[in-house]
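# Structural overview
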Amino acid sequence: MTDKTDDILTRLPTRLKEARRAQGLSLEAVANLSGVSRSMVSQIERGESSPTISTLWNLTRALQVDFAGLLEDTKTTDQIEILKNSEVPSIDNMGENCRIRILSPPEEAGGHEVYDIQLDKNGALNSQPHARGAREQLTVLEGSVRVTSGVAVSELRQGDTARYAADVAHSISADSPARVFLIVKNA
């Protein structure tokens with residue numbers, strides 16, 4: 001075999017597994033959609049078996065991926081997505097005297113959300129309960145804030161981090177200007 005053939009056989013298992021996971025499909029679901037047995041799909045993804053062209057064609061149809069693109073030598077992992085400061089979405093009308101910059105990609109909404117929050121003097125962000133099991137992690141970057149989760153209240157200063165339930169009423173407030181980094185993790 002040539003080096004190029006070896007490269008393709010090395011890339012193929014990973015690319016198929018990535019495509020399956022991107023579609024949110026189980027091995028069983030891919031087997032049902034493609035007509036390829038679950039054990040064969042698993043063996044191909046682990047690099048233990050090389051698929052025939054027919055098998056590969058059935059898998060790419062089931063996964064809705066481009067046959068040729070699956071085999072191309074692309075450096076998708078060697079890319080950096082840049083969002084310039086002016087391109088970062090922000091919300092200025094939520095809360096009192098606060099600006100929220102949304103750092104997480106739109107597809108993460110409702111799952112794993114990341115925010116940069118600037119609170120002005122007497123700023124506050126009061127939130128209703130999120131989904132059951134939701135948690136927040138907040139780190140104070142500048143100033144000091146008060147975090148309330150249900151009936152629990154904590155004062156935090158620059159560099160402090162709080163982890164708390166977000167499936168109850170909760171809030172972040174500041175008497176003087178402050179900036180926090182907030183991660184929301186929904187269950």
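Just above sits the structure.
Read on for an overview of the structure. Nothing here was measured: the structure is a model prediction, and the numbers come from that model.

## Some thoughts on the pattern of salt bridges
With the rule as written, the count across this model stands at 9 salt bridges. Between Asp 120 and Arg 99 there is a salt bridge, with the nearest N and O atoms lying 3.2 Å from each other. Placement of the pair is Asp 120 in strand E3 (residues 112-127) and Arg 99 in strand E2 (residues 96-102), with a sequence separation of 21 residues. In this structure Asp 120 comes out as partly exposed when scored by relative accessible area, which is 29%. For Arg 99, a relative accessible area of 35% corresponds to the partly exposed category. Between Arg 179 and Glu 142 there is a salt bridge, with its nearest N and O atoms 3.8 Å apart. Highlighted residues: Arg 179 in strand E9 (residues 178-185) and Glu 142 in strand E4 (residues 135-142), separated in sequence by 37 residues. We classify Arg 179 as partly exposed; its relative accessible area is 26%.

## Notes on unusual backbone geometry
Residues apart from glycine generally show negative phi values, whereas peptide bonds are mostly found in trans. Of note in the backbone geometry, Gln 64 takes a positive phi value of approximately 55° without being a glycine. By the element assignment, Gln 64 lies in the loop between helix H4 (53-63) and helix H5 (67-71). Although it is not a glycine, Asn 97 sits at a positive phi angle of roughly 50°. When you line up the elements, Asn 97 lands in strand E2.

Analysis parameters
- Residues numbered from 1 in each chain as written.
- Predicted model: local features only at pLDDT ≥ 70, side-chain atom pairs only at ≥ 80, totals over all residues.
- Heavy atoms only, no water.
- Salt bridge = Lys/Arg side-chain N within 4 Å of Asp/Glu carboxyl O.
- Helix = DSSP H or I, 4+ residues; strand = E, 2+ residues; numbered from the N terminus.
- Buried < 20%, exposed > 50% of the residue type's maximum accessible area, 1.4 Å probe, protein only.

Purely geometric numbers; function is a separate question.
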